[in-house]
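# Understanding the architecture of this molecule
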Amino acid sequence: MLKEEELDLLISELSDQYGYDFTNYARASLKRRVNRLLLIDRFPSFAELIYRVKTDPAYLTHVVQELTVNVTEMFRDPALWKMIREQVLPVLATHPFIRVWHAGCSTGEEVYSMAILLEEANLLHKSLLYATDLNPSVIENIKKGIFPISQMKEYSENYIASGGKKDFSQYYMAKYEWAKFDERLKSKMIVATHNLVSDRSFNEFQLIFCRNVLIYFDKTLQDNVLNLFDDSLEKLGYLVLGAKENIRFSPIAKKYLQLQNREKIWRKMQ
Amino acid sequence: MEKDAVDDFKVVVIGGSAGSLEVILNIIHELPVDTGAVFIIVVHRRNDKDSILEHLFSVKTRLTVNEVEDKQPITLNTIFIAPPDYHLLVENEAGFSLDSSERVNYSRPSIDVTFQSVAEVFGKRAVGVLLSGANADGAEGIESIRNAGGYTIVQNPATAEVSFMPLQAINLGGIDAILDAEHIAGHIRERCAQRPN
Ligand SMILES: C[S@@+](CC[C@H](N)C(=O)[O-])C[C@H]1O[C@@H](n2cnc3c(N)ncnc32)[C@H](O)[C@@H]1O
């Protein structure tokens, strides 16, 4: 079992040497990630891990990949997507130009889901979807637009539950184990690394997604990141968080109104 | 949480899978409102977004029932439920955190994950209760509660609807009490009334 001091040591090494700052991540989960890394890479003890990190810069990519959690799905929480279709898109439609930011979007399932929604509402042509994550390896996948075929049954069910009326398989070409999504969807995506801890606001958006990223941060970092979103959101813009995340206890809460009790969509009122 | 209250409250963490729901409903029905303990429940289930458990449990108890949200504070005399599709972790004495990482034992939430986390933070104040189920999840978790000096209860496999899960836990050894379903609530009440030594 990893000790607190060991975790602190790894955190300061990653931050001093490589500029990845995990200081204000939620400890319980970060600890599990480090324990898991020790296990899958078969380090006999923590000392070997820290030695490897210190001496092998090429190993860093792998560390970042394993310390962060990249689990994601298309149309995860279908009821949320249904609400975006029914209540958010009609408002966005009135804008001449739509800018959406997916912060911490992992391998891009969420971004493709949104592109499909925009396309079906006939809005994709005037939209731009900014897809960002701190992990350079996951966002490579967004550019490829390739996802495991084994997931398509579940995604198709999610899609239908989100109010999708088409045959989901028309959005991709199946090839062996993979589903390659239509180039059309990708054409409106801008993919870049962006670290929510250290990078700043880079545009103004009408809609920001940041789902299941804040759960990995402590309260202080959550508040900072929510401020960053507040700075990056137009008045009357929308903020979408994960199913169990809430802005209730953050300083920005007073400026925002939740659309409806269940789904985690807030509108910036001032 | 008040600093001076911190030292003597118990954290009762209950895990179950197939065949455990009825047992849990009976347990929480028999819990008094003022045990001064924290109750955490992790049940395997299909991903229902509708917080069905929260409703089911609320009608059976006068304790407050919460499906946990990220960073929710830990409060006494409250029942906390692990939300569907997240692992439930204890961040520190004061609050929870959630984690959507890989399934453990084919499960998210995983009982092992929450039990281990409770063991690490609350040590001998933890009371682990493992019920009926068809999965090995929970066995290692209850072992870590025991190793941390906590108290362990497993449902009697002979009378559990599905015996696999309690059997796995018992095979690892050192369980403090193996009880029929109807005796579990009473036993928890007694444990909560005791001060740690
Ligand atoms: C569990 S995934 C969530 C993916 C997607 N938003 C969803 O809900 O399905 C969390 C993502 O957050 C990213 N992440 C973690 N820390 C970050 C940071 N400081 N800045 C940007 N992204 C971060 C991780 O790399 C990972 O891809």
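### With respect to the site of the ligand
- Close to the ligand lie 22 residues, the nearest being Tyr-25, Thr-72, Asp-133, Asn-195 and Leu-196 of chain A.
- Around the ligand, the neighbouring residues derive from chains A and B rather than from a single chain.
- When the ligand sits alone it has 600 Å² of accessible area, and the protein chains cover 99% of it.
- Among the cavities detected, the one that contains the ligand is the largest cavity.
- Here the shell around the ligand is composed, by residue class, of eight nonpolar, ten polar and four charged.

### What to know about the pairing of strand S4 (residues 172-175) of chain A
All names here are of chain A.
- Both S4 and strand S5 (residues 178-181) contribute to a ladder of four bridges, which runs antiparallel. Across the sheet, residue Ala-174 finds its bridge partner in S5, namely Ala-179.
- Count of turn residues in the S4/S5 antiparallel hairpin: two residues, of which Tyr-176 carries a positive phi of about 50 degrees.

### Thoughts on the interface of chain B and chain A
- Facing the 24 residues of chain B at the interface are 30 residues of chain A.
- With both sides pooled, the region where chain B packs onto chain A buries about 2200 Å², and carbon together with sulfur makes up 43% of that total.
- Joining chain B to chain A, the criterion identifies seven salt bridges.
- A salt bridge links Lys-31 of chain A to Glu-120 of chain B, with the shortest nitrogen-to-oxygen separation between them at 2.6 Å.
- In terms of residues, the side of chain B that touches chain A owes the most to one element, strand S5 (residues 87-92) of chain B, which gives four residues.

### Quick notes on the packing of aromatic side chains
- Taken as a whole, this structure holds 24 aromatic pairs over all chains when the rule is applied.
- An angle of 80 degrees between the planes, with centres 5.4 Å apart, marks the rings of Trp-101 of chain A and Phe-229 of chain A as edge-to-face. Taken together, the residues span a long stretch of sequence, with Trp-101 of chain A in strand S1 (residues 98-103) and Phe-229 of chain A in helix H10 (residues 219-232) at a distance of 128 residues.
- Residue Trp-101 of chain A is classed as buried on the basis of its relative accessible area, which comes to 0%.
- Residue Phe-229 of chain A is classed as buried on the basis of its relative accessible area, which comes to 0%.
- When the ring of Phe-168 of chain A is compared with that of Tyr-171 of chain A, the centres are 6.2 Å apart and the planes differ by 55 degrees; the resulting orientation is tilted.
- Judged by its relative accessible area of 2%, Phe-168 of chain A is buried.
- Site record: aromatic cluster; members linked through ring pairs are Phe-75, Trp-81, Tyr-112, Phe-147, Tyr-159, Phe-168, Tyr-171, Tyr-172, Phe-181 and Phe-209 of chain A.
- The lysine or arginine in question, Arg-125 of chain B, covers the ring of Phe-9 of chain B, its NZ or CZ lying 5.4 Å from the ring centre.
- Between Arg-191 of chain B and the ring centre of Tyr-151 of chain B, over which it is positioned, the NZ or CZ distance is 3.8 Å.

### Observations regarding the environment of Ala-131 of chain A
Residue and element names in this part refer to chain A.
- Structurally, Ala-131 can be placed in strand S2 (residues 127-133).
- Note on Ala-131: relative accessible area 0%, which makes it buried.
- For Ala-131, the contacting residues outside a window of four places in its chain are His-102, Cys-105, Val-111, Ile-142, Ile-190, Val-191 and Ala-192.

### A short note on the domain arrangement of chain A
Residues and elements named next belong to chain A.
- Domains assigned within chain A are domain 1 (4-67) and domain 2 (78-268).
- If you average the C-alpha positions of domain 1 and of domain 2, the two centres end up 29 Å apart.
- Between domain 1 and domain 2, roughly 950 Å² of surface is buried when both sides are summed, and carbon and sulfur atoms account for 53% of that area.
- On inspection of domain 1 and its partner domain 2, the count reaches zero salt bridges.

Analysis parameters
Residues numbered from 1 in each chain as written. Chains lettered and ligands numbered in written order. Predicted model: local features only at pLDDT ≥ 70, side-chain atom pairs only at ≥ 80, totals over all residues. Heavy atoms only, no water. Near = heavy atom within 4 Å. Areas by Shrake-Rupley, 256 points an atom, 1.4 Å probe, with all protein chains shown as cover. 1 Å grid on protein atoms, 1.4 Å probe; cavity = no way out; pocket = protein on both sides within 12 Å on 5 of 7 lines; lining within 4 Å. Sits in = over half its atoms within 2 Å of the grid points. Nonpolar A, V, L, I, M, F, W, Y, C, P; charged D, E, K, R; others polar. Pairing = 2+ DSSP bridges. Helix = DSSP H or I, 4+ residues; strand = E, 2+ residues; numbered from the N terminus. Contact = heavy atoms within 4.5 Å. Buried area = accessible area lost by both parts, 1.4 Å probe. Salt bridge = Lys/Arg side-chain N within 4 Å of Asp/Glu carboxyl O. Phe/Tyr/Trp six-rings, centres within 6.5 Å; stacked < 30°, edge-to-face > 60°. Buried < 20%, exposed > 50% of the residue type's maximum accessible area, 1.4 Å probe, protein only. Lys NZ or Arg CZ within 6 Å of the ring centre and 35° of its normal. Domains from an automatic or database assignment.

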